[in-house]
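Here is what each chain is made of, one letter per residue.
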Amino acid sequence: DSGVTQTPKHLITATGQRVTLRCSPRSGDLSVYWYQQSLDQGLQFLIQYYNGEERAKGNILERFSAQQFPDLHSELNLSSLELGDSALYFCASSARALGGEKLFFGSGTQLSVL
Amino acid sequence: GQNIDQPTEMTATEGAIVQINCTYQTSGFNGLFWYQQHAGEAPTFLSYNVLDGLEEKGRFSSFLSRSKGYSYLLLKELQMKDSASYLCANYQAGTALIFGKGTTLSVSS
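From a predicted model like this one, the values you see are computed outputs, not experimental measurements.

**Q** Help me understand the packing of aromatic side chains, please; the structure alone is not making it clear to me.
**A** The geometry of an aromatic ring pair is captured by two quantities: the separation of the ring centres and the angle between the planes. Counted under the stated rule, the structure contains 15 aromatic pairs over all chains. Plain terms: the ring middles of A:Y35 and B:F99 are 5.6 Å apart, the flat faces sit at 85° to each other, and that makes the pair edge-to-face. Separated into two different chains, A:Y35 in strand 4 (residues 31–38) and B:F99 in strand 9 (residues 97–99) make up a pair that spans both. The burial state of A:Y35 is the same as that of B:F99; both residues are buried.

Structure follows, in structure tokens:
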């Protein structure tokens, strides 16, 4: 158990809908990362937050947004869902936001858009 | 991943040794990670190299050559449970930990 908690584990929804994925980092970790994993693209970095502030942005679509709350949990909001958004979404955390820190991953949310 | 290259698939037999190679862009280098990921599960940390040379950790070892932008993961005494994807990753300036597409290793008896 990495100590990173993600809910829900599975989510099935329809095109055009909006969903929210939730992540609680390991106790004491200030940095949260979101990744998307699909079969053809591998593990793609979406966005990082550190202590409530956006720190780095990757290949995140404009339809997607995230935030980190004062208690350090994070939410990833996906809107106007398309079939191609079906993927495994991982949250990871680290103590700070330094290069060279290893990340601890949650067990992921499997999103299926029908 | 951004200019992180590793083979897509490899196969090996139980008890054998396998080497998984990874090449990466050297600019802004800040260490090289290897993660293991079983199908449908979370990636788990295996190793981190920031200096040149070999780091050994039980059956797994990882090597780094910074000048060549090259790393490999060496798995010895392969077991069936080692069947998984192995992800090479590094931090890149302005982003976070960026992963290669992974090498799927199949171990057969």
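**Q** What is the right way to look at the nonpolar core in this model?
**A** One broad trend across soluble globular proteins is that nonpolar side chains are buried collectively. The biggest cluster of nonpolar side chains holds 39 residues, and the ones touching the most others in it are A:Y35, A:F105 and B:Y86. For this core, the leading source of residues is strand 8 (residues 84–91) of chain B, giving 6 residues. When near neighbours in sequence (up to four residues on either side) are disregarded, A:Y35 contacts A:L43, A:Q44, A:F45, A:L46, A:L88, A:Y89, A:F90, A:L103, A:F105, B:A96, B:L97 and B:F99. Judged by nonpolar contacts, the second largest core, of 20 residues, contains A:V4, A:Y49, A:L81 and A:L111.

**Q** I keep staring at the interface of chain A and chain B and nothing clicks. Help me out?
**A** Many analyses report the size of an interface as the accessible area lost when the parts associate. Facing 22 residues of chain A, the contacting portion of chain B comprises 20 residues. Here chain A and chain B share an interface that buries about 1500 Å² over both sides, 59% of which is from carbon and sulfur atoms. In this assembly, chain A and chain B are joined by 0 salt bridges. On inspection of chain A and its partner chain B, the count reaches 4 residue pairs in polar contact (both at pLDDT 80 or more).

Analysis parameters
- Residues numbered from 1 in each chain as written.
- Chains lettered and ligands numbered in written order.
- Predicted model: local features only at pLDDT ≥ 70, side-chain atom pairs only at ≥ 80, totals over all residues.
- Heavy atoms only, no water.
- Phe/Tyr/Trp six-rings, centres within 6.5 Å; stacked < 30°, edge-to-face > 60°.
- Helix = DSSP H or I, 4+ residues; strand = E, 2+ residues; numbered from the N terminus.
- Buried < 20%, exposed > 50% of the residue type's maximum accessible area, 1.4 Å probe, protein only.
- Core = buried A, V, L, I, M, F, W, Y, C linked by side-chain atoms within 4.5 Å.
- Contact = heavy atoms within 4.5 Å.
- Buried area = accessible area lost by both parts, 1.4 Å probe.
- Salt bridge = Lys/Arg side-chain N within 4 Å of Asp/Glu carboxyl O.
- Polar contact = N/O pair within 3.5 Å; in protein donor to acceptor, adjacent residues only side chain to side chain.

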